[in-house]
Amino acid sequence: MIVRIPYKSACQPHFVFPPLYRSQLLDTDMDYERPNVETIKCVVVGDNAVGKTRLICARACNATLTQYQLLATHVPTVWAIDQYRVCQEVLERSRDVVDDVSVSLRLWDTFGDHHKDRRFAYGRSDVVVLCFSIANPNSLQHVQTMWYPEIKHFCPRAPVILVGCQLDLRYADLEAVNRARRPLARLSFCFVCLNVIRPIRPQEILPPEKGREVAKELGIPYYETSVVAQCGIKEVFDNAIRSALISRRHLQFWKSHLRSVRKPLPQAPFLPPRPPPPVIIVPDPPAQSEDHPGHLLEEASCADVVLVVQERIRIYAHRIYLSTASSKFCDLFLMEDGDPPSQARDPLLRASSFDACEGSETEGGGLRTSASDGTLGREGDRDLSGWSRAFESIRSGVLEEPPGYRARRVTVVKMDSSVRSGPFRAVLKYLYTGQLDEREPELMEVAHIAELLEVFDLRMMVANILNREAFMNQEITRAFHVRRSNRIKECLTKGIFSDVTFVLDDGSINAHKPLLISGCDWMAAMFGGPFLESSTSEVRNVKSFVAPLSL
Ligand SMILES: Nc1nc2c(ncn2[C@@H]2O[C@H](COP(=O)(O)OP(=O)(O)OP(=O)(O)O)[C@@H](O)[C@H]2O)c(=O)[nH]1
């Protein structure tokens, strides 16, 4: 067997053609002789570096490359047609069935240089795939001024398909793409290469309408492809095959198996790739002296929990702070939301058999019992004394404080009668700030409540103070903040306890108003005041506003 070197490759130092060994040669002429297999010669043309070779390799060799591999490796090449003779995989991939017709697709790559003679490649072609780059308007202009006339000159009867390559560049970060192309540009000495490797400007990116307009003018189908996003490749070649088979059906009308071939189909809309998830940066733990977010404690404006101690004293608090510092509170609120906490399955089962309390506690000020309690699944208080020694009951309520603010639903947790407000406030302060004041007068009570709530680090802090080793508490505070940062990160990622959703152009982000208020003055102004936004659970059109924030 004689191996044919494509006419272009003889003068091209970089053509993609592995060394040949006699044993590797395959007798592919067999393919031409198989009955009812339509062999289709498809010539691919277009300007330099528009992506012809990559497109062919994607179809013929299933070659997939990342954008940066692609960008870093451009050398003018032709993909040798003789690959069908030397590579079994390429030959196998050439076989396909389109509209019930068995075909063998033979792809012919060509050079993009306008002055080169391509008549050898055009000879006896069944279909021509005419490529341009959606990032190079000149290449589209040349479709009309140079390529289409050339095709019509050399193969006037072959159907033509217009293909906009490098579709992914329409959605890519062009600055990053240009940065990756820079070393390549430095290595390019010839004018043609410099011209194709120059930086891509955003205004050069062609919208799909431009390609469609030209295709309509020429009366040919239009497709877009990306070998990076692996899209449109099959569609281009399947429809090129259809065009070729329809044209053949006109000439070889006796071939009944070609009757089922359809006209080229329109391309399905391209769904741009999802942008990477937002980077959530949780700031470093605050300095020891910083009271943040302690000032939020007892702030009614964005409270979503009311803790009732000694039957009548109400303390306003926030689910996100309580549950990221105490697993007991976390389990309680997850249970209330109907989401069984994994480590608390058994307690949860016990809780589900609790009886509702007969009477609810005395109502004060702006707090009233919810008439129907959707989240708890029943009305009134739910007894928690069998589940935890720290709590008596939980229920849903409506808070109408501070004055002027809109009424909103809150969770009312009645603490065990042994919990007194003074030491409990010290415990809550620890849950918000990770700190315990050495001068706390009721340390034993604090330890008792810490025990009930299973906040063992706080109990250790009390022990350190009593043993005159309070200096060791700094380490506990540090560990507290690291632990809480991680839990906050998890809550943000999973949307747990989220009370507001930011709806952006490209997705939505669940967040927590108390965290936003204590971390950002803008957010404090928006959610902390008696505005409509304070009670909203969805914020839209905030792209420019949210972008500079780190949660
Ligand atoms: N982002 C992106 N770049 C592509 C794609 N296809 C090709 N390229 C880029 O275009 C360059 C040229 O691709 P080739 O396939 O070699 O182009 P060609 O049309 O065969 O070029 P010549 O051989 O010079 O005629 C590659 O090195 C890539 O940088 C694609 O789908 N997406």
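Per an unreviewed UniProt entry, the chain carries the name BTB domain-containing protein and comes from Ranitomeya imitator.

Asks: Outline the overall build of the chain, supporting the account with residue identities and numerical values.
Replies: The helix and strand tally for the chain stands at 21 helices and 15 strands. Counting contacts in the chain only where the partners sit at least 6 residues apart, residues at least 24 apart contribute 68% of the total.

Asks: Got a sec to walk through the environment of Leu452? Specific residues and values, please.
Replies: Counting through the fold element by element, Leu452 comes out in helix α16 (residues 443–452). With 124 residues separating them along the chain, Leu452 and Lys328 place their C-alpha atoms 9.1 Å apart. Residues in contact with Leu452, not counting those within four places in the same chain, are Arg389, Ala390 and Asp416.

Asks: Please give an account of the pairing of strand β7 (residues 305–309) that cites residues and values.
Replies: Of all five residues in β7, five are buried; the element is thus mostly enclosed. Here β7 pairs with strand β8 (residues 313–317) via five bridges, running antiparallel. Its bridge partner lying in β8, Val309 is registered against Ile313. Linkage of β7 to β8, two consecutive antiparallel strands, is achieved through a turn of three residues, within which Gln310 is found at a positive phi near 50°. When β7 meets strand β12 (residues 408–415), the two strands line up parallel, connected through four bridges. Bridging across to β12, Val305 finds its partner in Thr411.

Asks: Help me get a handle on the nonpolar core, residues and values and all.
Replies: Within the largest apolar cluster, 64 residues are counted, with the highest numbers of intra-cluster contacts made by Val306, Ala317, Met415, Val427 and Ala450. Ranked by the residues each element gives to this core, the list is headed by helix α15 (residues 421–433), at seven residues. Sequence-distant contacts of Met415, defined by excluding residues within four places in its chain, comprise Leu307, Val308, Val309, Ala390, Phe391, Glu392 and Phe424. Residues Val44, Leu107, Leu169 and Ile241 belong to the second largest nonpolar core, which totals 61 residues.

Asks: Report on helix α10 (residues 208–218), specifying residues and quantitative values.
Replies: Of the residues making up α10, those classed as buried are Gly211, Val214 and Ala215. Viewed along the axis of α10, the buried residues span an arc of 100°, placing them on a single side of the element. Among the exposed residues of α10, those pointing more than 90 degrees away from its buried face are Glu209 and Glu217. Where α10 is buried, its residues meet α7 (137–154), β5 (160–165) and β6 (222–224). Just downstream of α10 lies Gly219, where phi reads positive at about 70°.

Asks: Just give me the short version of the packing of α15 against α16, but keep the residues and values in it.
Replies: At a closest axis distance of 9 Å, the pairing of α15 and α16 adopts a crossing angle of 60°. Crossing angle aside, the handedness with which α15 passes α16 is right-handed. Residue-level inspection shows Pro423, Phe424, Ala426 and Val427 of α15 in contact with α16, the latter providing Glu445, Val446, Ile449 and Ala450. Tallied by class, residues from the contact of α15 with α16 come to seven nonpolar, no polar and one charged.

Asks: So what about unusual backbone geometry? Which residues, and what values?
Replies: Its identity is not glycine, yet Asp99 carries a phi of approximately 50°, on the positive side. Within the secondary structure, Asp99 is located in the loop between β2 (95–98) and β3 (101–108). In the Ramachandran plot, Gln230 falls in the positive-phi region, its phi being about 50° despite a non-glycine side chain. Tracing the backbone through its elements, the reader meets Gln230 in the loop between β6 and α11 (233–251).

Asks: Now, about helix α2 (residues 52–60): what can you tell me, with residues and values included?
Replies: For an α-helix, 3.6 residues make a turn, and residues three or four places apart therefore share a direction. Extensive coverage of α2 is indicated by the burial of nine of its nine residues. Listing the buried residues of α2 in full gives Lys52, Thr53, Arg54, Leu55, Ile56, Cys57, Ala58, Arg59 and Ala60. Backbone geometry just downstream of α2 places Asn62 in the positive-phi region, at approximately 55°.

Asks: So what's going on with the pairing of β2? Which residues, and what values?
Replies: Both β2 and β3 contribute to a ladder of four bridges, which runs antiparallel. Bridge pairing links Arg95 to Ser104 in β3. What sits between β2 and β3 in their antiparallel hairpin is a turn of two residues, with Asp99 showing a positive phi close to 50°.

Asks: Any details on the sheet that holds β3? Residues and values, ideally.
Replies: Reading across the sheet, the six strands line up as β2-β3-β1-β4-β5-β6 and stay open at both edges, with mixed pairing between neighbours. Edge strands, defined here as strands with exactly one partner in the open sheet, are β2 and β6. Neighbouring strand axes in the sheet, compared pairwise and without regard to direction, differ in orientation by 35° on average. In this sheet, strand β4 (residues 127–133) lies alongside strand β1 (residues 37–46) in parallel orientation, the contact comprising five bridges. Its bridge partner lying in β4, Val45 is registered against Leu130.

Asks: How would you sum up the environment of Lys513? Please name residues and give values.
Replies: As for its placement among the helices and strands, Lys513 is situated in helix α19 (residues 513–519). Sequence separation between Lys513 and Cys302 is 211 residues, and the spatial gap between their C-alpha atoms is 7.2 Å. The contact partners of Lys513, leaving out residues within four places of it in the chain, are Cys302, Asp499, Val500 and Phe527.

Asks: Explain the packing of α16 against helix α17 (residues 456–466) to me, and be specific about the residues and the numbers.
Replies: For the pair α16 and α17, the least separation of the axes is 8 Å and the interaxial angle reads 155°. As judged from the angle between their axes, α16 and α17 are roughly antiparallel. Viewed along their axes, α16 and α17 form a crossing whose handedness is left-handed. Contact residues: α16 offers Leu443, Val446, Ala447, Ala450 and Glu451, while α17 offers Leu458, Arg459, Val462, Ile465 and Leu466. When grouped by side-chain class, the residues that make up the contact of α16 with α17 number eight nonpolar, no polar and two charged.

Asks: I'd like a rundown of the confidence of the model for the chain, residues and numbers included.
Replies: For the chain, the mean per-residue pLDDT works out to 79, and 75% of the residues sit at or above 70. Confidence over residues 188–192 falls short of pLDDT 50; this stretch has four contacts with residues more than four positions distant or in other chains. Note that residues 543–551 has pLDDT below 50 and, in this model, 13 contacts with residues that lie over four places away or in other chains. Note on the complex model: pTM 0.52, ipTM 0.97.

Definitions and limits used
- Residues numbered from 1 in each chain as written.
- Predicted model: local features only at pLDDT ≥ 70, side-chain atom pairs only at ≥ 80, totals over all residues.
- Helix = DSSP H or I, 4+ residues; strand = E, 2+ residues; numbered from the N terminus.
- Contact = placed C-beta atoms within 7 Å.
- Buried ≥ 20, exposed ≤ 12 C-beta atoms within 10 Å, placed from the backbone.
- Pairing = 2+ DSSP bridges.
- Core = buried A, V, L, I, M, F, W, Y, C linked by C-beta atoms within 7 Å.
- Arc of directions from axis to C-beta.
- Axes fitted to C-alpha atoms, helices over the stretch in contact; angles between N-to-C directions.
- Left-handed = near helix turned anticlockwise from the far one by under 90°.
- Nonpolar A, V, L, I, M, F, W, Y, C, P; charged D, E, K, R; others polar.
- Parallel < 35°, antiparallel > 145°, perpendicular 65-115°, else oblique.
- pLDDT = per-residue confidence, 0-100.

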